[in-house]
Amino acid sequence: EDHFISLWEDAHDLLFYQIIGKAESALSRSVDLLLNQRYLGKLPLPHTGLTFLKSLKGTGKTTSLEEAVDEAIKTGRPVLLITHRIQLGKYICDKLGLYWLTEDVDPAGERHLGLCADSLWRVNPENFKNAIIIVDEIEQVIWHTLGGSTCYSRRTQILKNFTDLIRTICSTAGLFIGLDADLSDRTIDYIAELANQRIRPWVCVNEWKPEKEQAKAKFYFFKNPA
């Protein structure tokens, strides 16, 4: 009995094994839309809830969202893009017609916005009721918010606002979209846990892979690192 009690007290919670114990890129849950095509194209995205897209880089994940974002902008529905890289974020904002948040701009007056996860502390979740929230490279974004050095001083507020954003859109018929080439059960479960509601995530997986792996590299010979 003493040995059992000792093991019981030292054991991790089941959630530890569900999240940490899984392979980083494992996606074993049921899929709502299974594809095998070079480009995603137009997708039958839900209008509300939690949505996740898994597809290789260069298969048009961002392009597949253009119609939904265009419609949102036309009807005044808020749109928020969250990334972990500035240049990537600016590129996607240009493509989708969103405004990139800079340090000297007040985000309260902009309803169609893109930003780095580091700046989430500046956002008021109440301004994004019924919004479309897009998190590109969501696996990296989550790890960046949890452990990135640039989030250190504001991490508590960043994580609180991220949680509040998810709960706000889930309670106001909004749509959350997570994109990643390495989407995992762990990330989907984490977002669903933050939502704190019984919502079944909608998952799309594109199994297309190039016949031959080809790595392309460009070399820039400039002294200026920019």
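All values derive from a computational prediction rather than experimental measurement. (Residues numbered from 1 in each chain as written. Predicted model: local features only at pLDDT ≥ 70, side-chain atom pairs only at ≥ 80, totals over all residues. Heavy atoms only, no water.)

Participant: Just checking my understanding: could you explain the overall build of the protein chain for this structure?
Facilitator: The secondary structure content of the protein chain amounts to seven helices and eight strands. The globule rule puts the C-alpha radius of gyration for 226 residues at 17 Å, and the 19 Å found for the protein chain is close to it. Principal-axis analysis of the C-alpha atoms places the extent of the protein chain at approximately 65 × 45 × 45 Å. Buried residues in the protein chain amount to 43% of all 226 residues. Expressed as a percentage of contacts within the protein chain between residues at least 6 apart in sequence, the contacts between residues at least 24 apart total 77%. Here the protein chain displays about 13700 Å² of accessible surface, and carbon together with sulfur accounts for 52% of that area. (Helix = DSSP H or I, 4+ residues; strand = E, 2+ residues; numbered from the N terminus. Rg over C-alpha atoms; globule rule 2.2 N^0.38 Å. Buried < 20%, exposed > 50% of the residue type's maximum accessible area, 1.4 Å probe, protein only. Contact = heavy atoms within 4.5 Å. Areas by Shrake-Rupley, 256 points an atom, 1.4 Å probe, with all protein chains shown as cover.)

Participant: Help me understand a nonpolar patch on the surface, please; the structure alone is not making it clear to me.
Facilitator: A cluster of nonpolar side chains, namely Phe4, Ile5 and Trp8, defines an oily patch on the protein surface of about 390 Å² accessible area. Tracing the chain through its elements places isoleucine 5 in helix H1 (residues 2-10). (Patch = residues over 30% accessible without salt bridge, like charges linked within 9 Å, V, L, I, M, F, W, Y side chains within 5 Å. Salt bridge = Lys/Arg side-chain N within 4 Å of Asp/Glu carboxyl O.)

Participant: What is the right way to read the nonpolar core from this model?
Facilitator: The nonpolar side chains of a soluble globular protein tend to be buried with one another. Ile82, Phe176 and Ile191 are the most contacted members of the largest nonpolar core, which totals 32 residues. For this core, the secondary structure elements donating two or more residues are strand E2 (49-54), strand E3 (79-83), strand E5 (112-116), strand E6 (132-136), helix H5 (138-147), helix H6 (155-171), helix H7 (185-195) and strand E8 (202-206). In terms of residue count, the dominant contributor to this core is H6 (six residues). Among the nonpolar cores identified, the runner-up in size contains 25 residues, and Leu40, Ile132, Leu175 and Cys204 belong to it. (Core = buried A, V, L, I, M, F, W, Y, C linked by side-chain atoms within 4.5 Å.)

Participant: Whenever I open this one, the pairing of strand E7 (residues 175-180) confuses me. Can you help?
Facilitator: In summary, the side chains of a regular strand alternate between the two faces of the sheet. The buried count for E7 comes to six of six residues, which makes it a mostly enclosed element. Taking every second residue as pointing to the same face, both faces of E7 are buried, with Leu175, Ile177 and Leu179 on one and Phe176, Gly178 and Asp180 on the other. Both E2 and E7 contribute to a ladder of six bridges, which runs parallel. When the bridges of E7 are listed, lysine 54 appears paired with aspartate 180. Note that E6 and E7 share five bridges and pair parallel. Residue pairing in the sheet places aspartate 136 in a bridge with leucine 179 of E7. (Pairing = 2+ DSSP bridges.)

Participant: Can you help me understand helix H4 (residues 86-96) in this one?
Facilitator: Given 3.6 residues per helical turn, the α-helix brings residues three or four places apart onto the same face. Turning to H4, its buried residues are Leu88, Gly89, Ile92, Cys93 and Leu96. Down the axis of H4, the buried set is contained in an arc of 130°. They therefore lie on one face. The exposed residues of H4 that point more than 90 degrees off its buried face are Gln87, Tyr91 and Asp94. (Arc of directions from axis to C-beta.)

Participant: Would you mind showing me how to read the pairing of E5 here?
Facilitator: Of all five residues that make up E5, five are buried, and the element is covered over most of its length. The alternating pattern of E5 places His112, Gly114 and Cys116 on one face and Leu113 and Leu115 on the opposite face, and all of these are buried. The pairing of E3 with E5 spans five bridges and is parallel. If you follow threonine 83 over to E5, its bridge partner there is cysteine 116. Relative to E5, strand E4 (residues 99-100) is paired through two bridges, and the arrangement is parallel. Within E5, the position partnered with tyrosine 99 by the bridge is leucine 113.

Participant: For this particular structure, what's the right way to read the packing of aromatic side chains?
Facilitator: Two aromatic rings, taken as a pair, are described by how far apart their centres are and by the angle between their planes. Enumeration over the complete set of coordinates arrives at two aromatic pairs. A ring pair is formed by phenylalanine 4 and tryptophan 8, whose centres lie 6.1 Å apart and whose planes are at 35°; its orientation type is tilted. Of this pair, phenylalanine 4 and tryptophan 8 both sit in helix H1, four residues apart, which is roughly one turn of the helix. On the numbers, 5.9 Å between centres and 55° between planes, the contact of phenylalanine 52 with phenylalanine 176 is tilted. A residue pair is termed long-range when its members are at least 10 positions apart, and phenylalanine 52 in strand E2 and phenylalanine 176 in strand E7 qualify at 124 residues. Just as phenylalanine 52 is buried, phenylalanine 176 falls in that class too. (Phe/Tyr/Trp six-rings, centres within 6.5 Å; stacked < 30°, edge-to-face > 60°.)

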